[in-house]
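Coordinate analysis (summary)
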Amino acid sequence: MLRFILLTALYLLGAWYADAFIRAPGQVTLFWPASGIAFAAVIRYGWRSSLFIPVAILLVRLRRAAVPAAFLPFSVGSNHIGGLVGAFIISMTTTPTRISVVSGFGMLRGGIAMVLVSGLIGCLGLAWSGMMPAEDFWPALAKWCMGDLLGIVCIAPSMLLLTAPPSRNPDVPPATDYSRVKEKSAWIACLLLTFAIIYWSGSRNSLYALGMSALPLSLLMWSAIRFQPAWTVLGTALVVLYMTSLAGLGLAGFTPPTQALDSALLLGFMCLFALIPLVLVASMFEQRLATRKVLRRATTDAATGLPNRAAFEEATQRALLPGNAPRALAYLDLDHFTLINDTASHAAGDALIHGIGSLLKARTRSGDQVFRIGGDEFALLLEGAPDEAHARAESLRQAI
């Protein structure tokens, strides 16, 4: 129930924002961020979660007294059915919903299907209810589809990323693989500065003020290369909302588009603007994922899942650096292990090795490290007081 209320509130917030772009009855809004909320919710939580869409649409239309009752079924159907069709197109592919270029383009296909269905139903409703002349159908359809698509590209990635469950993939890059807080603080300051520059350029009636969009785009590319994906995804949404508000609402000297072609060009530009950093961040994340996967395989023993000799040598070198806490190095060798392989098969020997590795991991402390450095050889780096090391090692020997 709480999720239903939150999704409804977010949808109403997106619809309220979109209302600011409407200046006359029957006019199609320039930007519909609620489509991104609906699209992400259906993908993340399934088709049953889409029931919040008709409820939110009814609440929106009740607030708009000037909207004819004949348009209400089309309004509900366009948003609800469009979201279901988009999610169905995505479910037909085998690509999982994760941060990757292939997955991103798969979701883009679903988004395009959603906006086409939504636009057709919605514009038919505008013409049927008399809110729009029939000859304006195709320009209105183009504007409707582009506004919905921008909402999906801008909002859906942020929602999908923020609502994603914790990943169990051992190759997901940790926070240490990305830049530090100082660089991120500098990035935020630069982003706010570019907002001020764009606003200042527009307020001086410069014909080239929109060309300043290269500044936030370069910052988003910087973020895609250096920061966690969430920074780029949320930053892209923020930049698109800011620039669309300036151009669409006529703020800071910008002129709102009045012709369908002008609106289509503006929305097309903003869609491409949003897609470029998203594609780059997906590509960089895949690259980091592949690098960590190769590194994990190179430093992990396949039979036990423990770090191997290469990882042991690296960990020992780090432990020997000045300033580190004292640690004990224990070496463990199994006597007559070849008898197991010769009499009970190599599979039994592998099972024994795996069992001993699991036993060592279970009986060591959180700061200890266990390695398999050879066929029947293990090594341990034990934390704690040095005078405890012998007793701990003897305890492990007795357990084996």
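Residues numbered from 1 in each chain as written. Predicted model: local features only at pLDDT ≥ 70, side-chain atom pairs only at ≥ 80, totals over all residues. Heavy atoms only, no water.

1. Some remarks on the overall build of the protein
Secondary structure summary: the protein contains 14 helices and 3 strands in total. For the protein, the C-alpha radius of gyration of 29 Å lies well beyond 21 Å, the compact-globule estimate for 400 residues. Along the first, second and third principal axes, the C-alpha atoms of the protein reach 90 × 50 × 30 Å. The buried share of the protein, taken over its 400 residues, is 44%. Taking the contacts inside the protein whose residues are at least 6 apart along the sequence as the reference set, 72% of them involve residues at least 24 apart. Split by element, the accessible area of the protein, about 21000 Å² in all, is 66% carbon and sulfur. For the protein, the distance from the average position of its 30 positive side-chain charges to the average position of its 23 negative side-chain charges is 11 Å. (Helix = DSSP H or I, 4+ residues; strand = E, 2+ residues; numbered from the N terminus. Rg over C-alpha atoms; globule rule 2.2 N^0.38 Å. Buried < 20%, exposed > 50% of the residue type's maximum accessible area, 1.4 Å probe, protein only. Contact = heavy atoms within 4.5 Å. Areas by Shrake-Rupley, 256 points an atom, 1.4 Å probe, with all protein chains shown as cover. Lys, Arg positive; Asp, Glu negative; His and termini not counted. Charge placed at Lys NZ, Arg CZ, Asp CG, Glu CD.)

2. Considerations on helix α1 (residues 2-19)
Each full turn of the α-helix corresponds to 3.6 residues, which orients residues three or four apart in the same direction. The terminal C-alpha atoms of α1, which comprises 18 residues, lie 26 Å apart, in line with the 26 Å expected from a rise of 1.5 Å per residue. Those residues of α1 not exposed but buried are Leu7, Thr8, Tyr11, Gly14, Ala15, Tyr17, Ala18 and Asp19. (Expected span 1.5 Å × (residues − 1).)

3. As for the pattern of salt bridges
Scanning all chains against the criterion turns up 8 salt bridges. Residue Arg372 is joined to Asp301 by a salt bridge in which the shortest nitrogen-to-oxygen separation is 3.2 Å. With Arg372 in strand β2 (residues 369-372) and Asp301 in the loop between α10 (260-298) and α11 (309-319), the pair connects residues that are 71 residues apart, well separated along the chain. One exposure class covers both Arg372 and Asp301, and it is buried. (Salt bridge = Lys/Arg side-chain N within 4 Å of Asp/Glu carboxyl O.)

4. Describing the environment of Met159
Relative to the helices and strands, Met159 is located in helix α6 (residues 137-162). For Met159, a relative accessible area of 13% puts it in the buried group. Met159 has contacts with Leu7, Ile37 and Ala40, leaving out every residue within four places of it along the chain.

5. What to know about the sheet that holds strand β3 (residues 377-383)
Strand order across the open sheet formed by 3 strands is β1-β3-β2, with antiparallel pairing between neighbours. Taken across any chain shown, the strands that pair with only one partner, and hence form the sheet edges, are β1 (327-333) and β2. Neighbour to neighbour, the strand axes of the sheet diverge by 15° on average, direction disregarded. The pairing of β1 with β3 spans 7 bridges and is antiparallel. Bridge pairing links Leu332 to Phe378 in β3. Each of β1, β2 and β3 is contacted by α11, which is oriented at about 140° to β2, the strand it contacts most. (Pairing = 2+ DSSP bridges. Axes fitted to C-alpha atoms, helices over the stretch in contact; angles between N-to-C directions.)

On their own, these measurements won't tell you what the molecule is for.
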